[in-house]
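Chains, contacts and geometry: an overview
As a plain string of letters, each chain reads:
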Amino acid sequence: MTTAATSKPSALAWVLLMLLGLLWGGSFFFARVAVLEVPPFTLVFLRLGLAALALHVYLFGRFDLYATLLAQWRPFLVLGLLNNALPHTLIFFGQTQIGAGLASILNATTPIWTVLIANRWTADEKLTSAKILGCLAGFVGTALLIGPSIVNAASAPVWALLLPLIAAVSYGFAGTYGKRFRSIPAPVTATGQLTASTLIMAPTCLLADQPWHLPMPSAYAIAAILALALLSTALGYLLFFRILALAGATNASLVTLLIPPSAILLGATFLGERLDWTDMGGMLVIAVGLLLLDGRVLHLRRQPAGRST
């Protein structure tokens, strides 16, 4: 039997992936703005807490939300740690020393880790040559897009480079672990993991940052925090868990390959930034990687050879 995880991403899954890429492409910019004024632990707590609050309001009285949260609180804690609390904290600490472009490139290794982890821990997402080639092509395309950031990496502290990489590994485990929530509606899963991760981050934030002593952020930083929480997190995770249920962990992780081109296209559209040949080449290589991972083009090419005349 073909499951959602083994089938190729549907047209709906691809549309949702593109939209999620736009939302998460903006998250690195919002985080870079906010982390200049708000410590990382506090920023993670605000991002997760505001997003969780928004989803509780949105879902109030629907989906039998609180009964599910009580029944599944332990799995939600694990998912919240792997998919939110740990990777967000690592990325935000890394971004105190490296830019959004370099952080997104390191984050783009997520599909590679997800393929390897899913191959080991699942029965329906085994390693194939197309998956390996597709992930590598996507990563090379991302590197082309963020070329100047790679040069700047030489001057960045090693720990700041390692933190987003460890976050990518955590996302790989989270995507694989998250498959167990496939029978739960995506909004409930998103609310459950964000609630759990908020509870994880609350004592860390209070003990480490003592936020009551922090100065009031600027209006610019507050706007960035709200966008990060409501758009990139609350709405973003509604889409992510819908994609995970539709297409599986490996396909859901492809969004990290769409984040850098989304950020660059947003900059060109709304900020007047210029696209050069490396940008176009990087997007083309990413597109090739996505086609390899989708598999339909290769399948169509093989079909005529397999037909008898």
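The model shown is predicted, which means the values in this text are computed figures rather than measured ones.

Focus: a nonpolar patch on the surface
Together, Met216, Ile222, Leu226, Leu230, Leu231 and Leu235 make up an exposed nonpolar region whose accessible area comes to about 530 Å². Checked against the element boundaries, Leu230 lands in helix H11 (residues 219-253).

A short note on the packing of helix H2 (residues 40-59) against H11
Relative orientation and spacing of two packed helices are given, respectively, by the angle between their axes and the distance between those axes. H11 packs onto H2 with a crossing angle of 55 degrees between their chain directions and a minimal axis gap of 8 Å. With respect to H11, the axis of H2 lies oblique. Helix-helix and strand crossings are classified by hand; for H2 and H11 the assignment is right-handed. Each of Leu43, Leu46, Arg47, Leu50, Ala51, Ala54, Leu55 and Tyr58 in H2 lies in contact with H11, whose residues at this interface are Ile225, Leu226, Leu228, Ala229, Leu230, Ser232, Thr233, Ala234 and Leu238. Its residues assigned to classes, the contact of H2 with H11 comprises 14 nonpolar, two polar and one charged.

Section: empty space enclosed by the protein
In the structure shown here, the tally under the stated rule is two cavities of 30 Å³ or more. Approximately 280 Å³ is the volume found for the largest cavity. As for the largest cavity, its lining consists of 23 residues, of which Trp24, His88, Asn107, Tyr171 and Tyr237 are closest to the centre. Those elements giving two or more residues to the lining of the largest cavity turn out to be helix H1 (11-34), helix H4 (73-94), helix H6 (110-121), helix H9 (158-177), H11 and helix H12 (255-270). With five residues, H11 is the single largest residue contributor to the lining of the largest cavity. Split into classes, the residues belonging to the lining of the largest cavity amount to 12 nonpolar, 10 polar and one charged.

Some details on the confidence of the model for the chain
Of the residues in the chain, 81% reach a pLDDT of 70 or more, and the chain-wide mean stands at 82. Low pLDDT (under 50) marks residues 1-6, which in the prediction has 15 contacts with non-local residues, meaning those over four places away or in another chain. Scored below 50 in pLDDT, residues 305-309 makes zero contacts in the model with residues more than four places away or belonging to other chains.

The rules we used
Residues numbered from 1 in each chain as written. Predicted model: local features only at pLDDT ≥ 70, side-chain atom pairs only at ≥ 80, totals over all residues. Heavy atoms only, no water. Patch = residues over 30% accessible without salt bridge, like charges linked within 9 Å, V, L, I, M, F, W, Y side chains within 5 Å. Areas by Shrake-Rupley, 256 points an atom, 1.4 Å probe, with all protein chains shown as cover. Salt bridge = Lys/Arg side-chain N within 4 Å of Asp/Glu carboxyl O. Helix = DSSP H or I, 4+ residues; strand = E, 2+ residues; numbered from the N terminus. Axes fitted to C-alpha atoms, helices over the stretch in contact; angles between N-to-C directions. Parallel < 35°, antiparallel > 145°, perpendicular 65-115°, else oblique. Left-handed = near helix turned anticlockwise from the far one by under 90°. Contact = heavy atoms within 4.5 Å. Nonpolar A, V, L, I, M, F, W, Y, C, P; charged D, E, K, R; others polar. 1 Å grid on protein atoms, 1.4 Å probe; cavity = no way out; pocket = protein on both sides within 12 Å on 5 of 7 lines; lining within 4 Å. Points joined across faces, edges and corners; volume = space filled by probe spheres on them. pLDDT = per-residue confidence, 0-100.

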